[in-house]
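Examining the three-dimensional arrangement
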Amino acid sequence: MFAKVFRIGLISVAAAALVGALVLVVAVVRGGATSATPEAGTVPSWAGGPAGPADGTPGAGSATATAPHPTGPATPSTAPTRTSSPSANERPGATRPGTRPPVVGHGPRSGNLVALTFDADMTDSMLANLRNGRVRSYANLRIIELLERERIPATFFLTGKWVERYPDLTRRLAGNSRFELANHTYGHLAFTPNCYGLPRVPSSRMTEDVARTFRLIEPYGGRQTRYFRFPGLCHDGASLSALAPLGVTVVDGDVVSGDPFATAWRPIVNAVLSKVKPGSVVVLHVTEANAAMTDEALPHILRGLRERGLSPAPLSEVLSGAR
Ligand SMILES: [Zn+2]
């Protein structure tokens, strides 16, 4: 009898403890949920992971709120090769949206890596030259074939208008695992006054110009980045601020080859090899008619790099000092 009462007593205590524990668990879960709700609301949609800002800064928030809408041709006429994998804020060169982008000239001087970067300019007047037959091509296939054949890593800064004019070549570049793709504006307009006589993009359209170009390049997949280069490397405070919502890194380069409108290959080679160092970012062009000597200069540049113990690598590896 006593034992039975004692047992019942024990069961009641155990049951009470269980109920108490359940109440506690429910309270904890509820508490967690309520405290998480407003935080989740402040995290913008692009901040997919823990790296995203948790404080919901006005700049970051407005980046989402003012995200521009597509105005031009929405999708490339050709199917992209593969779907892009990491989201924009995980790509090489991605910076926190809402902050003025860093401007990078070169990587660490310690290793033996250098980045060969090729700009793919395209303006309305260049398109007119193609249409009326004055110019055959602004895409230098000999450069691309040489890089492919010799398995040389390279980074291509593409204008949106070049991508629209050469979708098949863009797909070919995106399909090469050694090539990175970066942004060089939509139509190669100047972002500052007095930039090599280039027509200017209005200040109010700078952000959208660059955003639109990312939207054009991204469907091609491959090694997408958030690297951006201004036409003529011309930038000022206003143009850098205009890029703040986009979360990019501005890449100038420290070795300007001078290949546009060159009439001989030797000065290009000399310009590159006299300035190149570990960590260098070399600025070249893949725009055939406007840079007709670059493909002739390239084998000499590659040989010179080898002789100096320097090794071409994708821009992201050069800037991070990998290897
Ligand atoms: Zn350019």
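Residues numbered from 1 in each chain as written. Predicted model: local features only at pLDDT ≥ 70, side-chain atom pairs only at ≥ 80, totals over all residues.

Structural notes on the overall build of the protein chain
- Per the secondary structure count, the protein chain includes eleven helices and nine strands.
- A burial count over the protein chain gives 39% of its 323 residues as buried. (Helix = DSSP H or I, 4+ residues; strand = E, 2+ residues; numbered from the N terminus. Buried ≥ 20, exposed ≤ 12 C-beta atoms within 10 Å, placed from the backbone.)

Comments concerning the pairing of strand 2 (residues 113-120)
- Taking burial as the measure, the eight residues of strand 2 include eight buried ones, the bulk of the element.
- Side chains Leu-113, Ala-115, Thr-117 and Asp-119 project from strand 2 onto one buried face, and the interleaved Val-114, Leu-116, Phe-118 and Ala-120 project onto a second face that is buried too.
- Direction of pairing for strand 2 relative to strand 9 (residues 311-312): parallel, over a ladder of two bridges. Residue pairing for strand 9: Leu-113 is matched across the bridge by Ser-311.
- As paired strands, strand 2 and strand 3 (residues 154-158) are joined by four bridges and run parallel to one another. Residue pairing for strand 3: Thr-117 is matched across the bridge by Thr-155. (Pairing = 2+ DSSP bridges.)

Here's the deal with the environment of Leu-315
- Among the secondary structure elements, Leu-315 is positioned in helix 11 (residues 315-320).
- Judged by the 30 C-beta atoms lying within 10 Å of it, Leu-315 falls in the buried class.
- Along the sequence, Leu-315 and His-106 sit 209 residues apart, while their C-alpha atoms lie 9.3 Å from each other.
- Every residue in contact with Leu-315, bar those within four places of it in the chain, is listed here: Ala-115, Thr-117, Thr-155, Glu-180, Tyr-227, Val-251 and Val-281. (Contact = placed C-beta atoms within 7 Å.)

Describing helix 6 (residues 167-174)
- Buried within helix 6 are the following residues: Leu-169, Thr-170, Arg-171, Leu-173 and Ala-174.
- Contacts from the buried residues of helix 6 go to strand 3, helix 5 (160-165) and strand 4 (179-183).

Considerations on unusual backbone geometry
- You will see that His-188, though not glycine, has its phi angle at about 55°, which is positive.
- Counting through the fold element by element, His-188 comes out in the loop between strand 4 and helix 7 (206-217).
- We note that Leu-233 has phi near 55°; this positive angle belongs to a residue other than glycine.
- With respect to the secondary-structure elements, Leu-233 resides in the loop between strand 5 (223-228) and helix 8 (237-242).

Concerning helix 4 (residues 141-149)
- Burial in helix 4 covers these residues: Ile-143, Ile-144 and Leu-147. Down the axis of helix 4, the buried side of the element spans an arc of 95°, and every buried residue falls inside it. Turned more than 90 degrees away from the buried face of helix 4 sit Glu-145 and Arg-149, all of them exposed.
- Positioned one or two residues after helix 4, Arg-151 has a phi angle of 55°, which is positive. (Arc of directions from axis to C-beta.)

Points about the pairing of strand 5
- Burial runs high along strand 5: six of the six residues are buried.
- Both faces of strand 5 are covered, namely the face carrying Arg-223, Thr-225 and Tyr-227 and the face carrying Gln-224, Arg-226 and Phe-228.
- Looking at chain direction, strand 4 and strand 5 are connected through three bridges and run parallel. In the sheet register, Asn-183 faces strand 5, and the bridge partner there is Phe-228.
- Following the chain from strand 4 across helix 7 to the adjacent parallel strand 5, one finds a crossover that is right-handed.
- Pairing analysis gives two bridges linking strand 5 to strand 6 (residues 249-251), with the strands arranged parallel. Along strand 6, the bridge assignment pairs Phe-228 with Val-250.
- In this region the chain leaves strand 5, passes through helix 8 and returns to the parallel neighbour strand 6; the handedness of that crossover is right-handed. (Right-handed = clockwise from strand over helix to strand, strands pointing away.)

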